[in-house]
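Structure assessment
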Amino acid sequence: MLIDLLLLWLVTRRLRNRTRNVIYVIHLVLCLALAVAEVRYSFRLVKPGLDPTPPTAVILLRLGAIVAVLEAYFLSTLLWMPWLFDRMEKMPAEVLIAVRQLRARKSGFLTAISFLAFLGVGLGSFALCMTIAIMGGFGNDLKTKILGNNAHVVLDRERGGFTNWRPLLARVRAVPEVATATPLVQGEVMVTSQTNLSGVILRGIDPTATESLINLRRDLIRGRLEYLAEPRHLDRLSPLERRPVSARGEEDLAAAGANIRRDPLPVVAPGAPTETLPGIIVGRELASNLHLAVGDEVRVVSPFGSLGPLGPIPKTKLFRVAGIFYSGMYEYDTKYAYVTIPVAQRFFNHRDDAITAIEVRLHEVDRSDAVLAAVRPMAQGMNLRVRDWKELNQNLFRALKLEKLMIFLLLTVAIIVASFSIVATLLLLVTEKGREIAVLKAMGASDGFITRVFVAVGGLIGVVGSSLGTSSALIVAVVARRVGIPLDPEVYYIERLPVIIAPWDFSLIFVTAVIICLLAAAFPAWLAGRLRPVEGLRLD
């Protein structure tokens, strides 16, 4: 792209302004048309199937569309940048001289190093903005998945369960910020199949609490949530529901001509047996590792069983797989399994209707501090811990913030390194324009005026370079978010590249780059201000 733009500028630099602008506009329109064509063709190549890996051609076409849009944007700068400089020449004298110094013809080496100064600041700002946007996207996606599969506020004890929780549950539900509050029974168990075994966290939930199970119901790719409460329907599953989980993705159910989630439950004959194995819902990765399908039997083993002559005897129980979910997080899809609360209470020997925790979901997750202040007095009498999602996942979010800060600092160093080109450019400019500086001082220009001129030159390099880099990153982020850069979900556990456009981050990067460039221009500007007229005219 840069070579294309450079060749176009070299070819058209000797043409008249109007002719040159017409060529730029035609090239700009062609780039945009190419970008639209590439995006449309890439969507035609995407076909639903068992393999979720995006074709390489789709990725290349969408990246090519982004490059074409960027080229169109840089072509537009060749149209509006001269107009902007013309308007800036009507500003105070320091800015007028600085703009004309940038636009004036220079020696070949000075021209090259000036171009590198603009390019270094622009690329540094672009890389920093895009990195922060992508990291913010991954962090936001992780936060969404964590909050979608976990409670926003949890009331529990450090060890064991607690009873008499129903009055407390009613009081928690009465808090205005609370969307729903449900009891929970959970414990660590071992799940074994005929081919493998794995350690999981068994969670007892209430299948009738619709509002709190929206995410689980949405994430089901096999079976139904209703099979937990009515496991006898597992005896009458259709062949489509009994399909094993593919390790490379899921087939489009709509394309298969069936939607197993919306069909009515089969009617059980009156003579059917009343005692059946309880149902269990497992994650896709766990089902793939254990080679499970809906309707299969699994054995759940708990280390907390009865006490025998030789010591503790693990407790085991058979379950039938009632559903398989895909949350988008590998840790949850391998470690979580769901049963009903009564089944979990009996399995973990929780007597007197004891539960492990109360999970609370909020209308607005950012209001968790207010909910903590309202709920903690209610839980003090029962010696319960009250923690919100920030405290439960504080190590993870702190690591993400620290990683974001370190990358910001490291890429800021890249901008600082690019600012060395500004120092070299201004030092050479002082040497080359010594005669002009001497003439200005002979005409009455003060040392401070000359200093401000060269500071303005460095500031213009910073403003133009960082604005081009930041705006280019903004355009790429918008196009990538709109079009989508596909990723392999088997590798990244996400289907497309997440991008978050944070105006505050982009503004901070722009201001930081400009400040660095101004600081880099301070020393050459000070030297230019100290130049004596006699020294500037001595060699002429």
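A quick note: this is a predicted structure, and the numbers were derived from the prediction, not measured. (Residues numbered from 1 in each chain as written. Predicted model: local features only at pLDDT ≥ 70, side-chain atom pairs only at ≥ 80, totals over all residues. Heavy atoms only, no water.)

**A look at the overall build of the protein chain**
Broken down by element type, the protein chain carries 20 helices and 10 strands. Residues counted as buried form 47% of the 540 residues belonging to the protein chain. Contacts in the protein chain between residues at least 24 apart in sequence constitute 77% of all its contacts with a sequence separation of at least 6. On the protein chain, roughly 28400 Å² of surface is accessible, and the fraction owed to carbon and sulfur atoms is 62%. (Helix = DSSP H or I, 4+ residues; strand = E, 2+ residues; numbered from the N terminus. Buried < 20%, exposed > 50% of the residue type's maximum accessible area, 1.4 Å probe, protein only. Contact = heavy atoms within 4.5 Å. Areas by Shrake-Rupley, 256 points an atom, 1.4 Å probe, with all protein chains shown as cover.)

**Quick word on the nonpolar core**
Ranked by internal contacts, the top residues of the largest apolar core, which has 68 residues, are Leu155, Val172, Leu202, Ile280, Ile358 and Val360. Of all the elements, strand β2 (residues 178–192) adds the most residues to this core, at six residues. The contacts of Ile358, once residues within four sequence positions are left out, are Val153, Val154, Leu155, Phe162, Trp165, Leu168, Leu169, Ala181 and Thr182. With 61 residues, the next largest nonpolar core counts Leu70, Ala477, Val499 and Ala513 among its residues. (Core = buried A, V, L, I, M, F, W, Y, C linked by side-chain atoms within 4.5 Å.)

**A closer look at helix α6 (residues 166–173)**
An α-helical turn contains 3.6 residues, so any two residues separated by three or four positions project in the same direction. The set of residues buried in α6 consists of Leu168, Leu169 and Val172. Down the axis of α6, the sector holding all buried residues measures 100°, keeping them to one side. Exposed residues on α6 whose side chains face more than 90 degrees from its buried face are Arg166 and Pro167. Looking at the buried residues of α6, the elements they touch are β1 (153–156), β2, β9 (357–362) and α13 (368–380). (Arc of directions from axis to C-beta.)

**Considering the pairing of β9**
The buried count for β9 comes to six of six residues, which makes it a mostly enclosed element. The alternating pattern of β9 places Ala357, Glu359 and Arg361 and Ile358, Val360 and Leu362 on opposite faces, both of which are buried. As paired elements, β1 and β9 share four bridges and run antiparallel to each other. Among the inter-strand pairings, Val154 is bridged to a residue of β9, identified as Glu359. Where β2 lies against β9, six bridges are found, and the strand directions are antiparallel. Counted as the bridge partner of Pro183 is Ile358 from β9. (Pairing = 2+ DSSP bridges.)

**Quick notes on a nonpolar patch on the surface**
Taken together, the side chains of Leu402, Leu405, Met406 and Leu409 present a nonpolar region at the surface, about 370 Å² in accessible area. Structurally, the position occupied by Leu409 is in helix α15 (residues 394–432). A relative accessible area of 43% places Leu409 in the partly exposed class. (Patch = residues over 30% accessible without salt bridge, like charges linked within 9 Å, V, L, I, M, F, W, Y side chains within 5 Å. Salt bridge = Lys/Arg side-chain N within 4 Å of Asp/Glu carboxyl O.)

**Things to note about the packing of helix α17 (residues 447–483) against helix α19 (residues 503–530)**
Taken N-terminus to C-terminus, the directions of α17 and α19 make an angle of 155°; their axes are 7 Å apart at the nearest point. Looking at the two axes, α17 sits roughly antiparallel to α19. Helix-helix and strand crossings are classified by hand; for α17 and α19 the assignment is right-handed. (Axes fitted to C-alpha atoms, helices over the stretch in contact; angles between N-to-C directions. Parallel < 35°, antiparallel > 145°, perpendicular 65-115°, else oblique. Left-handed = near helix turned anticlockwise from the far one by under 90°.)

**Quick look at the side chain of Ser42**
Structurally, Ser42 is set in helix α2 (residues 17–45). Sequence-distant contacts of Ser42, defined by excluding residues within four places in its chain, comprise Val58, Leu61 and Arg62.

**Some remarks on the pattern of salt bridges**
Scanning the entire structure with this criterion turns up 17 salt bridges. For Glu230, the salt bridge is made with Arg232, and the minimal N-O distance between the two is 3.8 Å. Under the relative-accessibility criterion, Glu230 is labelled partly exposed at 27%. Relative accessible area serves as the criterion here: at 34%, Arg232 is assigned to the partly exposed category. Note that Arg320 is salt-bridged to Asp235, the shortest N-O span being 2.4 Å. Of this pair, Arg320 sits in strand β7 (residues 311–325) while Asp235 is found in the loop between α8 (226–229) and α9 (253–256), placing the two residues 85 residues apart along the sequence. The exposure class of Arg320 is buried, given its relative accessible area of 13%. Three or more residues are tied together by salt bridges with common partners; here these are Asp156, Arg385 and Arg387.

**Brief notes about unusual backbone geometry**
If you check the backbone angles, Asn164 has positive phi at about 55° while not being a glycine. Structurally, Asn164 can be placed in the loop between β1 and α6. Residue Asn164 is classed as exposed on the basis of its relative accessible area of 65%.

**Comments concerning the environment of Thr131**
One can find Thr131 in helix α5 (residues 108–149). For Thr131 and Ile407, which are 276 residues apart along the polypeptide, the C-alpha to C-alpha distance reads 8.0 Å. At 2.7 Å, the side chain of Thr131 and the backbone oxygen of Ala127 are in polar contact. (Polar contact = N/O pair within 3.5 Å; in protein donor to acceptor, adjacent residues only side chain to side chain.)

**A few points about the packing of aromatic side chains**
The tally for this structure, following the rule as stated, stands at eight aromatic pairs. On the numbers, 6.2 Å between centres and 75° between planes, the contact of Phe319 with Phe347 is edge-to-face. Note that Phe319 is positioned in strand β7 and Phe347 in helix α12 (residues 341–347), a separation of 28 residues in sequence. Side by side, Phe319 and Phe347 carry an identical accessibility label, which is buried. An aromatic cluster is present here, built from Phe325, Tyr332, Tyr336 and Tyr338 joined pairwise through their rings. When the ring centre of Phe43 is taken as origin, the NZ or CZ atom of Arg62, which lies over that ring, is 4.3 Å away. A cation over a ring is seen here: Arg203 above Tyr336, with NZ or CZ 5.1 Å from the ring centre. (Phe/Tyr/Trp six-rings, centres within 6.5 Å; stacked < 30°, edge-to-face > 60°. Lys NZ or Arg CZ within 6 Å of the ring centre and 35° of its normal.)

**Regarding the confidence of the model for the protein chain**
Keep in mind that low pLDDT regions are not for reading the predicted coordinates in detail. Residue-level pLDDT values for the protein chain average 82, and 86% of them are 70 or greater. Between residues 248–262, whose pLDDT stays under 50, and residues either more than four places distant or in other chains, the model counts 33 contacts. (pLDDT = per-residue confidence, 0-100.)

**Focus: α2**
Counted at 1.5 Å a residue, the expected span for α2 with its 29 residues is 42 Å, and the 42 Å between its end C-alpha atoms agrees. Inspection of α2 places Arg20, Tyr24, His27, Leu28, Cys31, Ala35, Glu38, Val39 and Ser42 among the buried residues, and these make up the whole buried set. (Expected span 1.5 Å × (residues − 1).)

**Focus on the environment of Gly283**
Relative to the helices and strands, Gly283 is located in strand β5 (residues 279–283). C-alpha separation for the pair Gly283 and Tyr332, spaced 49 residues apart in sequence, amounts to 7.1 Å. Gly283 has contacts with Ile324, Phe325, Asp333 and Tyr336, leaving out every residue within four places of it along the chain.

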